[in-house]
Amino acid sequence: MNNNTANHPKVSRRSFLSSTAAVGAGLIVADVIAGTAQAAPLSAKEIAALPRITQEMVAPPFLPKHDQVAKGGPKVVEVRFVIEEKKMVVDEDGSEIWALTYNGSVPGPMIVVHQDDYIELTLVNPASSVLEHNIDFHASTGALGGGALTLISPGEECVLRFRASKPGVFVYHCAPGGVMTPYHVTHGMNGAIMVLPRDGLKDKDGKPITYDKAFFVGEQDYYLPRDAEGEYIKYDVAAEDFSDYLEVAATLTPSHIVFNGAVGALTGDNALTAKAGEAVLFIHAQANRDSRPHLIGGHGDYVWSTGSFADAPQIGLETWMIAGGAAGAAIYTFKQPGLYAYVNHNLIEAIIKGAAAHVMVEGKWDDDLMMQVKKPTAIN
Amino acid sequence: MNNNTANHPKVSRRSFLSSTAAVGAGLIVADVIAGTAQAAPLSAKEIAALPRITQEMVAPPFLPKHDQVAKGGPKVVEVRFVIEEKKMVVDEDGSEIWALTYNGSVPGPMIVVHQDDYIELTLVNPASSVLEHNIDFHASTGALGGGALTLISPGEECVLRFRASKPGVFVYHCAPGGVMTPYHVTHGMNGAIMVLPRDGLKDKDGKPITYDKAFFVGEQDYYLPRDAEGEYIKYDVAAEDFSDYLEVAATLTPSHIVFNGAVGALTGDNALTAKAGEAVLFIHAQANRDSRPHLIGGHGDYVWSTGSFADAPQIGLETWMIAGGAAGAAIYTFKQPGLYAYVNHNLIEAIIKGAAAHVMVEGKWDDDLMMQVKKPTAIN
Amino acid sequence: MNNNTANHPKVSRRSFLSSTAAVGAGLIVADVIAGTAQAAPLSAKEIAALPRITQEMVAPPFLPKHDQVAKGGPKVVEVRFVIEEKKMVVDEDGSEIWALTYNGSVPGPMIVVHQDDYIELTLVNPASSVLEHNIDFHASTGALGGGALTLISPGEECVLRFRASKPGVFVYHCAPGGVMTPYHVTHGMNGAIMVLPRDGLKDKDGKPITYDKAFFVGEQDYYLPRDAEGEYIKYDVAAEDFSDYLEVAATLTPSHIVFNGAVGALTGDNALTAKAGEAVLFIHAQANRDSRPHLIGGHGDYVWSTGSFADAPQIGLETWMIAGGAAGAAIYTFKQPGLYAYVNHNLIEAIIKGAAAHVMVEGKWDDDLMMQVKKPTAIN
């Protein structure tokens, strides 16, 4: 099965986004650099002369090594994504999805650059794949975020370059057109890029904000079909669930809402770790559905809930809203040791559907902030 | 059928908002002008002496002709809305709704005024209508937004005047009371008004922001009942779907989520158009349900996600959240040619439910911002 | 039945948050006060020397007596919550829930303190209770917001002290672990605390903002199970609905969404009251699910939609978004008399599900702001 689904009535009548790719592609023949970019555009020759580095991708929740303040001028940052369609277990009951992934993880790897750097992505769709894929970067400008220039069949690869013109954290995701777009996105094919201001993060007064460590939490809504007995169906090959999926998706009610691909991916032995006194950056992406991150026992000291670093961060939040199709960022300096839960604070979504992580924090307890004055005792 | 639904148990037990209209109306006998308005209130004589203009309504996505910076002082802006209950096709399968409309379109027409102008609306409910109707302007102050003063039966008309005391984009909608309020709103009876600051839009530093063109995207959630075979039911007359609707509405899951009344109303041949270099204002209203506008391949350069022009716009957003019952505004200067999709970025809502538009943009491609370095090719 | 639900497969596989409590508790043995608090931490001796006051709890929508600007330095504010599991009627049809409450109301009582005050809560779980309970304060720092230090069985009590280090309005709720957390929260066991800046509320320019009266609106989503005939099931004892609840909760579709515990709790004879010219503070908490407060016929003059008083308020909003798991605040100075409806502006949630309140406002009508120029009349 591929996304040539013209025979499927639901697909054909919702296929208007498919045609977009073709039209967008038809317009990109012009090689001339127009002067419409906000920051000073560079000529082809100037871009060719920029320093080039390769960013080594790492699996979430970790971020690639990066400088918080850029050293030197803009660079071309080379990144390689290899698509992998893979069967993944999504909960403790062994429920399965044929996930669609960049580099084998849900979410895909975090890219980190500075504003005005150029990302040069090599996208590879192995011959073993079943489906066409592409990539739409919300951080980029034009051609459906690159989706119109990167649609590749199994056995193909392509290279896309774009300028990171806006600072912030941004979602990327597969968008092959028509109903295949939500299908791919809700099968795990999304991730995020962080575009840091060249001089780093700032508060509303322009004072630098730095972090000691950073985690990437990708929240994923899955829509797994069930059989007549209510059991999740297991499929033999990627996309075999397509028509069943359409029915579940239409309910707008996910079967699972998870962090980093599966229930428990960031809890228990997989818990995130930090130390009291450390400032931790949490990047939270949700490519399709609203979320509301909350750190139980902590706060968002600085929060960019829309993801834009061009706006001053909000201060001292209990919970922050992430719009579906966006990433947001929050920094918290841990003040107490212990195990924290980081959740989507629709608690049904967190605990019954799966959207929860743990952060184990070492340090010394601060009785000023909290103290158990009297332990649980029989009522006087 | 009218909204005298006392015999319907669901209606009677949720009818508390109905009584509101009566009570509110009972309190408006006082003709004295109280001194509680924020800006200098005008006497009846002063208002009578203001210049009067008639604003010609146009169907969305277009806006009436207007000045971005007001010329002269406050005016009385006369507007005429004629209610039309009409059968509309909402998708490519021919599914139908008996839409309830202002001036025949879903959403109703955009009104544009400047802060401290007075809107004088003539509301007409033709004798051919089945239902009572009224209008609640979120931009106005008092009497349920005017709802208590405008409830008219078929064959009646009335005139409401209100001062546009707060700058921003605001929803208006029908609110006849009780469950008829969500019923009318989710049958298309809503629109928006833009109240511009007299000296125009500003960024956070007070610098003027202008736009070259503007579009009004009204997102609509429909709750169409299905029969036992799963087919959408066709009804013979407006409001015949009432009790079936209540069951679907209670699921909180729309059958359709569309822009400007129907799937495809703003795509393909109906696409919006712009040119690279043009600053385009998108006003996005959702009278009932949250949305998250996103321009695929573009951004929100300036975003007023709450709709209030009294607050500085947010900058450089990938996606922005519109609360149900609110309108928001975003300006983007297109930088690349091609076909853009403007969507509610819950991609299931955009593509499976219908909340998507196209923007066709002319211009020259900018390789600095994006370049297809290598076309799709067999893997090396 | 208690929350030892290891035999329930759904519970056991989602029980990771249960273990959190134990681990957190294990880490709090250190008595040393670490220097990681943002504001100057006090020693045990210094805290012991602070003035102590007892705050008398009142049932919502009312707030305890408080000063808007703090008099003197930080205090220890003693508060007492007695848990009550009680059968409540939630709608006009007599549908019932075994609510889980603090002090017998849904939501629990509002606590009001100033930044850097210490809250010393005595939590009592009567021997007559069926379940274990605890409390997680979003306003606090560490130990799962206090949840790890306050888990008490029927017949027990405990005392927790925490410093109100961040200004704003914040949710508190029961969080006994695993699926019991959403279960308790969506059975009414939540409330809010307001932490005022010591020098009171301020606008973006630092100008003081005061209010004449304040109301606490706690929005509650219930997930009542139905029997085969579609009737809401009545249970004989608290928590008997547990396994049925899990099925309804998984749909993410509440049966009821109400203000202050039940449909109609704040309408009709229970309407809130105000006078034209009065500035009214509305605190809106939703411990689990997004909401979008809107005052029909009014506005939010000043809105802290995230609840943080460390950020400047937004101005002149028609509707504001509250993330699930957060409280927000809005101040409106009424300008017109009449009956206002204060709703969650998903109108289905407001009117079909129940999330609506009334505010009856006395005063003189202002024709400058709104006038019925022509009453409903036969069309000319």
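Calculation criteria
Residues numbered from 1 in each chain as written. Chains lettered and ligands numbered in written order. Predicted model: local features only at pLDDT ≥ 70, side-chain atom pairs only at ≥ 80, totals over all residues. Heavy atoms only, no water. Helix = DSSP H or I, 4+ residues; strand = E, 2+ residues; numbered from the N terminus. Rg over C-alpha atoms; globule rule 2.2 N^0.38 Å. Buried < 20%, exposed > 50% of the residue type's maximum accessible area, 1.4 Å probe, protein only. Contact = heavy atoms within 4.5 Å. Areas by Shrake-Rupley, 256 points an atom, 1.4 Å probe, with all protein chains shown as cover. Phe/Tyr/Trp six-rings, centres within 6.5 Å; stacked < 30°, edge-to-face > 60°. Buried area = accessible area lost by both parts, 1.4 Å probe. Salt bridge = Lys/Arg side-chain N within 4 Å of Asp/Glu carboxyl O. Polar contact = N/O pair within 3.5 Å; in protein donor to acceptor, adjacent residues only side chain to side chain. Least-squares fit on C-alpha atoms with pLDDT ≥ 70 in both. Pairing = 2+ DSSP bridges. Axes fitted to C-alpha atoms, helices over the stretch in contact; angles between N-to-C directions. Domains from an automatic or database assignment. Nonpolar A, V, L, I, M, F, W, Y, C, P; charged D, E, K, R; others polar. 1 Å grid on protein atoms, 1.4 Å probe; cavity = no way out; pocket = protein on both sides within 12 Å on 5 of 7 lines; lining within 4 Å. Points joined across faces, edges and corners; volume = space filled by probe spheres on them. pLDDT = per-residue confidence, 0-100.

A. Looking closely at the overall build of chain A. From N to C terminus, chain A includes 6 helices and 22 strands. For chain A, the C-alpha radius of gyration of 22 Å lies close to 21 Å, the compact-globule estimate for 380 residues. A principal-axis box enclosing the C-alpha atoms of chain A has dimensions of 80 × 60 × 30 Å. Looking at chain A as a whole, 67% of its 380 residues are labelled buried. Pairs at least 24 apart in sequence give 76% of the contacts found in chain A among residues at least 6 apart. Entry remark: accessible area of chain A is about 11800 Å², with carbon and sulfur atoms responsible for 52%.

B. The packing of aromatic side chains, seen in detail. In the structure shown here, the tally under the stated rule is 48 aromatic pairs over all chains. Where Tyr102(C) meets Tyr172(C), the ring centres are 5.5 Å apart and the plane angle is 70°; that geometry is what we call edge-to-face. Note that Tyr102(C) is positioned in strand β3 (residues 96-102) and Tyr172(C) in strand β8 (residues 168-173), a separation of 70 residues in sequence. One aromatic cluster is present, formed by Phe62(A), Phe215(A), Phe259(A), Phe282(A), Tyr332(A), Phe334(A), Tyr340(A) and Tyr342(A) through successive ring pairs.

C. Region of interest: the interface of chain C and chain A. Taken together, the contact pairs 82 residues of chain C with 61 residues of chain A. Buried surface at the junction of chain C and chain A, both sides included, amounts to about 6000 Å², of which 60% is carbon and sulfur. In this assembly, chain C and chain A are joined by 4 salt bridges. Residue Lys166(C) is joined to Asp301(A) by a salt bridge in which the shortest nitrogen-to-oxygen separation is 2.7 Å. At the surface where chain C touches chain A, the tally comes to 31 residue pairs in polar contact (both at pLDDT 80 or more). At the level of elements, α2 (16-26), β5 (118-125), β7 (156-163), β8, α4 (180-185), α5 (242-249) and β19 (326-333) of chain C are the ones that each hand at least two residues to the side of chain C that touches chain A.

D. How the structure looks around the relation of the copies chain B and chain C. Note on the identical chains: chain B maps onto chain C by a rotation of 120° and an axial translation of 0.0 Å, with an RMSD of 0.0 Å. These values place the two chain copies in the arrangement generated by a three-fold rotation axis. Comparing interface residues between copies, only 2% of those in chain B also sit at the interface in chain C, which points to a heterologous contact through distinct surfaces.

E. Up close: the sheet that holds strand β18 (residues 314-317) of chain B. All names here are of chain B. Pairing is mixed across the open sheet formed by 6 strands, whose spatial order is β13-β12-β15-β19-β17-β18. The open sheet has two edge strands with one neighbour each: β13 (256-259) and β18. On average, each strand axis in the sheet is tilted by 25° relative to the strand beside it, whichever way the strands run. Sheet analysis places strand β12 (residues 213-222) next to β13, joined by 4 bridges and oriented antiparallel.

F. How the structure looks around the domain arrangement of chain A. Residues and elements named next belong to chain A. The domain boundaries assigned to chain A delineate domain 1 (14-34 + 50-198) and domain 2 (214-362). If you average the C-alpha positions of domain 1 and of domain 2, the two centres end up 20 Å apart. Every contact between the two is made by 43 residues of domain 1 and, on the other side, 43 residues of domain 2. In this assembly, domain 1 packs against domain 2 so that about 3400 Å² is buried in total across both faces, 71% of it on carbon and sulfur atoms. The largest contributions to the domain 1 side of the interface with domain 2 come from Trp 98, Val 169 and Thr 186, which together make up 18% of the buried area. Inspection of the region where domain 1 meets domain 2 yields 1 salt bridge. Among the ionic pairs, Lys 234 bridges to Glu 96, the shortest N-O distance being 3.7 Å. Inspection of the region where domain 1 meets domain 2 yields 16 residue pairs in polar contact (both at pLDDT 80 or more). Where the side of domain 1 that touches domain 2 is concerned, the elements lending two or more residues are β2 (76-89), β3 (96-102), β8 (168-173), α4 (180-185) and β9 (190-196). Of the residues forming the side of domain 1 that touches domain 2, the biggest block, 6 residues, is contributed by β9. Residues belonging to the side of domain 1 that touches domain 2 are distributed by class as follows: 29 nonpolar, 10 polar and 4 charged.

G. Structural context of the pattern of salt bridges. In this structure the tally under the stated criterion is 48 salt bridges over all chains. Arg52(A) serves as the salt-bridge partner of Glu120(A), at 2.5 Å between the closest nitrogen and oxygen. Of this pair, Glu120(A) sits in strand β5 (residues 118-125) while Arg52(A) is found in strand β1 (residues 52-54), placing the two residues 68 residues apart along the sequence. Residue class for Glu120(A) comes out buried when judged on its relative accessible area of 14%. When the shortest N-O distance is used, the salt bridge between Asp205(B) and Lys204(B) registers 3.8 Å. In this structure Lys204(B) comes out as exposed when scored by relative accessible area, which is 57%. Each of Arg289(A), Arg292(A), Glu349(A) and Asp290(C) takes part in one network of salt bridges that share partners.

H. Main features of empty space enclosed by the protein. Applying the stated rule across the entire model yields 9 cavities of 30 Å³ or more. There is about 550 Å³ of room inside the largest cavity. As for the largest cavity, its lining consists of 25 residues, of which Leu252(A), Arg289(A), Arg289(B), Leu252(C) and Arg289(C) are closest to the centre.

I. How the structure looks around the confidence of the model for chain A. Residues and elements named next belong to chain A. Confidence in the prediction of chain A, expressed as mean pLDDT, is 91, and 90% of residues score 70 or more. Taken together, the stretch residues 1-37 has pLDDT below 50 and engages in 86 contacts with residues farther than four places along the chain or on a different chain. What the predictor reports for the complex is a pTM of 0.92 with an ipTM of 0.91.

J. Structural context of the relation of the copies chain C and chain A. It takes a turn of 120° to lay chain C on chain A, together with a shift of 0.0 Å along the axis; the resulting RMSD is 0.0 Å. Taken together, the interface assignments show that only 2% of the residues at the interface of chain C recur at the interface of chain A, consistent with different surfaces on the two copies.

K. Fine view of the interface of chain B and chain C. Contacts between the two partners involve 82 residues from chain B and, on the opposite side, 63 residues from chain C. Here chain B packs against chain C, burying approximately 6000 Å² in sum over the two surfaces, 60% of which is carbon and sulfur. One can count 4 salt bridges joining chain B with chain C. Notably, a salt bridge pairs Asp290(B) with Arg292(C), separated by 2.6 Å at the nearest N-O pair. Listed by contribution, the elements that provide at least two residues to the side of chain B that touches chain C are α2 (16-26), β5 (118-125), β7 (156-163), β8 (168-173), α4 (180-185), α5 (242-250) and β19 (326-333) of chain B. Residue contributions to the side of chain B that touches chain C peak at 8 residues, all from β7(B).

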